[in-house]
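Overview (structure and organization)
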Amino acid sequence: LANVELETERTLAIVKPDGVFGNYTSSIRKIILDSGFSIQREATLHLDEDSVRSFYAEHSTKSFFPNLVKYMTSGPVLIMVLQKANAIADWRTLIGPTDARKAKSTHPDSIRAMCGEDLERNCVHGSDSYESAAREISFFFTQTFSEGTILKHDEL
Ligand code: RTP
Ligand code: MG
């Protein structure tokens, strides 16, 4: 393990509409910074249905997909690009299991236990792999992180 250096990674985090409406954004931001992530980019957006369908395209055939689209368009979301070593896996650990109800019993310190409700309304998103993170970051932000990067979905 001594020779293993964890690579700096970026991942995409979203505070979903229930998290924003519940005023959890500042406590979530504090957890993020206290856990050693830097916040590279952030934007508050109100996603439209097409954007959610495209963002969660992997779930398009699932029975919960229409509800997911309704949920994610129900209000503004806070989108953040987080960076640190092992960011992708560490952010997934921090948010806890998909089912927030389960999270409250098995992962009481997780973010979903704090602000989520159930399997659907779980207040935060995290990229689940390197490939997802790359796709999701470029979905919302231009790929270069140079000065003056422009938000692609500014108009949503
Ligand atoms: P996310 O992508 O939002 O970080 O969540 P996840 O990886 O933990 O879970 P995933 O399987 O990717 O599901 C995406 C989101 O769809 C909603 N969902 N509803 N009613 C249901 O059975 C159900 N299952 C999933 C949740 O909002 C979940 O986060
Ligand atoms: Mg997922």
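Residues numbered from 1 in each chain as written. Chains lettered and ligands numbered in written order. Predicted model: local features only at pLDDT ≥ 70, side-chain atom pairs only at ≥ 80, totals over all residues.

**Topic: the overall build of the protein chain**
Filter applied, for reference: Every helix listed is a DSSP run of H or I at least four residues long, and every strand listed is a run of E at least two residues long, numbered separately from the N terminus. Counting other C-beta atoms within 10 Å of a residue's own tells you its class, since 20 or more makes it buried, 12 or fewer makes it exposed, and anything in between is partly exposed; those C-beta atoms are placed from the backbone. It is the C-beta atoms, placed from the backbone, that decide contacts: two residues are in contact if theirs lie within 7 Å.
Scanning the protein chain from terminus to terminus reveals eight helices and four strands. When the helices and strands of the protein chain are listed from N to C terminus, the series reads β-α-α-β-α-α-β-α-α-α-β-α. Burial statistics for the protein chain: of 156 residues in total, 32% are counted as buried. Long-range contacts, defined here as pairs at least 24 residues apart, represent 67% of the contacts in the protein chain between residues at least 6 apart.

**Details of the UniProt feature "active site" (unreviewed entry) in the protein chain**
Here is the rule: UniProt positions are given in the numbering used here, feature names are shortened, and annotations may be inferred rather than shown by experiment.
Those residues carrying the UniProt feature "active site" (unreviewed entry) are His125 in this numbering. Along the chain, the position of His125 falls in strand E4 (residues 124-126). Apart from residues no more than four positions distant in its own chain, His125 is found in contact with Ala13, Ile14 and Lys16.

**Topic: the sheet that holds strand E1 (residues 8-15)**
Two modes of strand pairing occur in sheets, parallel and antiparallel, and in both the strands are linked by backbone hydrogen bonds. What counts is decided by this rule: Two strands form a pair only when DSSP identifies at least two bridges running between them. Throughout, an axis means a line fitted to C-alpha atoms (over the contacting stretch in the case of helices), and angles, computed between N-to-C directions, take values from 0 to 180 degrees.
In space, the four strands of this open sheet follow the order E2-E3-E1-E4, with antiparallel pairing throughout. Bordering the open sheet on either side are strand E2 (38-45) and E4, each of which pairs with just one other strand. On average, each strand axis in the sheet is tilted by 20° relative to the strand beside it, whichever way the strands run. As paired strands, E1 and strand E3 (residues 77-85) are joined by eight bridges and run antiparallel to one another. The residue bridging Leu12 from the neighbouring strand is Val81, located in E3. Seen against the sheet, helix H5 (residues 87-95) touches E1, E3 and E4 and runs at an angle of roughly 35° to E1. Each of E1, E2 and E3 is contacted by helix H8 (residues 130-140), which is oriented at about 60° to E1, the strand it contacts most.

**So, the pairing of E1**
Here is the key point about a regular strand: its side chains alternate between the two faces of the sheet. In terms of burial, E1 is largely enclosed, as six of its eight residues are buried. Relative to E4, E1 runs antiparallel, the two being bridged by three bridges. When the sheet's bridge partners are listed, Ala13 is paired in E4 with Gly126.

**Here we look at the UniProt feature "binding site: ATP" (unreviewed entry) in the protein chain**
The positions that UniProt labels "binding site: ATP" (unreviewed entry) are, in the present scheme, Lys16, Phe64, Arg92, Thr98, Arg112 and Asn122. Its place among the elements puts Arg92 in helix H5. Here Arg92 falls in the partly exposed class, since 15 other C-beta atoms lie within 10 Å of it. Summarising the element assignment, Thr98 is placed in the loop between H5 and helix H6 (100-106). The class for Thr98 is partly exposed, based on 13 C-beta atoms found within 10 Å. If we skip the residues at most four places from it in the chain, Thr98 touches Leu119 and Asn122.

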